[in-house]
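# Secondary and tertiary structure notes
What follows is the residue order along each chain.
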Amino acid sequence: MGKNWHIRAVSRLAAGALVLVAVMAAPAQAMAQRLDAQDVVVGWNRLILELVRHTPTYSPPVASRAFAYLGVTAYETVASGDDSFVTLAGQLNALEPLPRREPGAAYDEAILLHAAMSFGANAFFGNTGPTGQRAMDTMDSRTAAMLAEGVDPEIVARSTALGTAIGEHILAWSLDDGGAVIENLGFPYDFETVEDPSLWVPTNRVAVQQAPLLPGWGNNRPFAMPEGNSCALPPPPAYSEAPGSPFYEEAMEVHDAVVNLTAEQEAIARFWSDDPMLSPTPPGHWIFLTLDALEKKDADLAETVDVLARLGVVLADSFIGCWDAKYQYNLVRPVTYLNKLVDPDWQPILITPPFPEYPSGHSTQSGAAASMLEAHFGENFAFSDRTHADDGLAVRHFASFWEAAEEAAVSRLYGGIHFRSAIELGLEQGRCIAGFTNALVTRSPS
């Protein structure tokens, strides 16, 4: 995978400005080798992980939506010419049959995929900054020129037209899902807090974050699960300020975890923090490590697009399901509770996200991703997670995807921003959501 195609998206703060530079080069010994379809899919995904760092509206739920549509785009592009694939039209909610290849006509797989992915990236990251725009333009023009060299112009035109048509079909499908327009970075203009100590209130003084993020996201159209509440959760422990009550004890666990934090626990908290604008976001973290897992397995194109489509779908559905529960219960954050009742000076080591506590988004999406990935790779697929190596964080090693999910989940306790119930039940909600994605049929019976 990627043996003759290298993309490095390098980001840095320079003079207070975020600069994104996409560098594309083929190694000298591979210059004579033509890019293949696998290179194109992986290359676009690597660039997208950098774009999501630098697109202001791309909070984790919004990022997960883009990953899902782009994953389905690549999958359906390959499926359009391979009878062993089963289209996801009719399986994913509201997805109608897609454009197909003309019988007997010749297509170039790499050109076809490049056209589809280029259209999708520009559609879903159209509001990224100027440097991101330049990166996409450079990726598009240079790749198209390399792929077209020596290919019959009619095949180039036919392949480009179909790839673009598939991208347009996916974009049209996305426009009425409830998440296509993000205003005010996802924070509602009008929001009133309710005088109830159990309910969420703002946890910082940032003006826009005096309202909670994306309160309607749980009403969006899911991909594979039937409804946003298809994996509904029981209520969290009943709110109580009484010492010894289950709620108070969970709060004290968070308090004590931060006060007595070990170096390893702090490393875990910071490794999985995945803050927007500083990382590929939590769903992008799982995309990153999956690309590495596919490379480790030496996956072919068919396996790559299948796994990335399923992963995008399960991540997007996990945020819809999680957000549905978050705004059903609207639970107070640990910092609010602990500052009021235990220690006015106590602070978590991570920034508390601006939305309700229960369940933990990290837990739900990690449980969903791990359950989907274990269904494909197996329960004992060991791997190294180097997502943040370029940011100076040590590589972490895991014996399984579920082990990684559990660490990602408990990282929010170490960080001081989630109660135990939100973590444990979030993981289980993710496992439930993955069941719908794992039930998708992607291969024709042999």
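Look up: the structure comes first, before these words.
In short, a report on the structure. (Residues numbered from 1 in each chain as written. Predicted model: local features only at pLDDT ≥ 70, side-chain atom pairs only at ≥ 80, totals over all residues. Heavy atoms only, no water.)

### A closer look at the overall build of the protein
Looking only at helices and strands, one finds 13 helices and 4 strands in the protein. Relative to the 2.2 N^0.38 estimate, which gives 22 Å for 446 residues, the radius of gyration of the protein is 22 Å and therefore close to what a compact globule would have. Dimensions of the protein, computed from C-alpha atoms along their principal axes, come out at roughly 75 × 45 × 45 Å. (Helix = DSSP H or I, 4+ residues; strand = E, 2+ residues; numbered from the N terminus. Rg over C-alpha atoms; globule rule 2.2 N^0.38 Å.)

### Digging into the state of the cysteines
One pass over the full model with this rule turns up 1 disulfide. There is a disulfide in this structure between Cys231 and Cys432, and the S-S distance comes to 2.0 Å. Since a negative S-S torsion denotes a left-handed disulfide, the Cys231-Cys432 link at about -80° is left-handed. Highlighted residues: Cys231 in the loop between helix 5 (153–174) and helix 6 (246–259) and Cys432 in helix 13 (residues 420–438), separated in sequence by 201 residues. Of the cysteine sulfurs around Cys322, a residue in no disulfide, the closest is that of Cys231, at 12 Å. Residue Cys322 is classed as buried on the basis of its relative accessible area, which comes to 1%. (Disulfide = S-S within 2.5 Å. Buried < 20%, exposed > 50% of the residue type's maximum accessible area, 1.4 Å probe, protein only.)

### A closer look at the environment of Val307
By the secondary structure assignment, Val307 is in helix 9 (residues 301–329). When the C-alpha positions of Val307 and Pro235 are compared, they lie 33 Å apart, and in sequence the two are 72 residues distant. Here Val307 is in contact with Thr290, Leu294, Met372, Leu373, His376 and Phe377, once residues within four sequence places are set aside. (Contact = heavy atoms within 4.5 Å.)

### A look at the packing of helix 7 (residues 263–271) against helix 12 (residues 401–414)
The contact between helix 7 and helix 12 brings their axes to 8 Å, and the two run at 110°. Overall, the two elements helix 7 and helix 12 adopt an arrangement that is roughly perpendicular. Crossing of helix 7 against helix 12: the hand is left-handed. Where helix 7 approaches helix 12, its residues Gln265, Ile268 and Ala269 are matched on the opposing element by Glu407, Ser411 and Tyr414. By residue class, the composition of the contact of helix 7 with helix 12 is 3 nonpolar, 2 polar and 1 charged. (Axes fitted to C-alpha atoms, helices over the stretch in contact; angles between N-to-C directions. Parallel < 35°, antiparallel > 145°, perpendicular 65-115°, else oblique. Left-handed = near helix turned anticlockwise from the far one by under 90°. Nonpolar A, V, L, I, M, F, W, Y, C, P; charged D, E, K, R; others polar.)

### What to know about the pattern of salt bridges
Tallying each qualifying case throughout the model produces 17 salt bridges. A salt bridge links Lys297 to Glu303, with the shortest nitrogen-to-oxygen separation between them at 2.6 Å. When its relative accessible area of 40% is taken as the criterion, Lys297 is described as partly exposed. As a salt-bridge pair, Arg431 and Glu428 come within 3.6 Å of each other at their nearest N and O atoms. (Salt bridge = Lys/Arg side-chain N within 4 Å of Asp/Glu carboxyl O.)

### Concerning the nonpolar core
The biggest cluster of nonpolar side chains holds 128 residues, and the ones touching the most others in it are Leu92, Leu95, Phe125, Trp286, Leu373 and Phe401. Counting residues per element, this core draws most heavily on helix 9, at 16 residues. With residues up to four places along the chain from it excluded, the contact list for Leu373 reads Trp286, Leu289, Thr290, Val307, Leu311, Gly378 and Phe401. (Core = buried A, V, L, I, M, F, W, Y, C linked by side-chain atoms within 4.5 Å.)

### Quick notes on the side chain of His255
Within the secondary structure, His255 is located in helix 6. Classification of His255 by relative accessible area gives buried; the value is 12%. In this structure the side chain of His255 is engaged in a polar contact, spanning 2.9 Å, whose partner is the side chain of Asp256. Aside from chain neighbours lying at most four places away, what touches His255 is Leu338, Val342, Asp343 and Trp346. (Polar contact = N/O pair within 3.5 Å; in protein donor to acceptor, adjacent residues only side chain to side chain.)

### Remarks on the environment of Glu227
By the element assignment, Glu227 lies in the loop between helix 5 and helix 6. In sequence terms Glu227 and Gly43 are 184 residues apart; their C-alpha atoms lie 33 Å from each other.

### Describing the side chain of Ser174
In this fold, Ser174 is placed in helix 5. Here Ser174 is in contact with Arg65, Tyr69, Phe124, Ala180 and Arg221, once residues within four sequence places are set aside.

### Considerations on the packing of aromatic side chains
The tally for this structure, following the rule as stated, stands at 23 aromatic pairs. Among the aromatic residues, ring-to-ring pairing joins Phe271, Trp272, Trp286, Phe377, Phe381, Phe383, Phe398 and Phe401 into one connected group. The ring of Trp402 has Arg431 sitting right over it, with the charged end atom 4.0 Å from the ring centre. Note that Arg443 overlies the ring of Phe85, its terminal NZ or CZ placed 4.1 Å from the centroid. (Phe/Tyr/Trp six-rings, centres within 6.5 Å; stacked < 30°, edge-to-face > 60°. Lys NZ or Arg CZ within 6 Å of the ring centre and 35° of its normal.)

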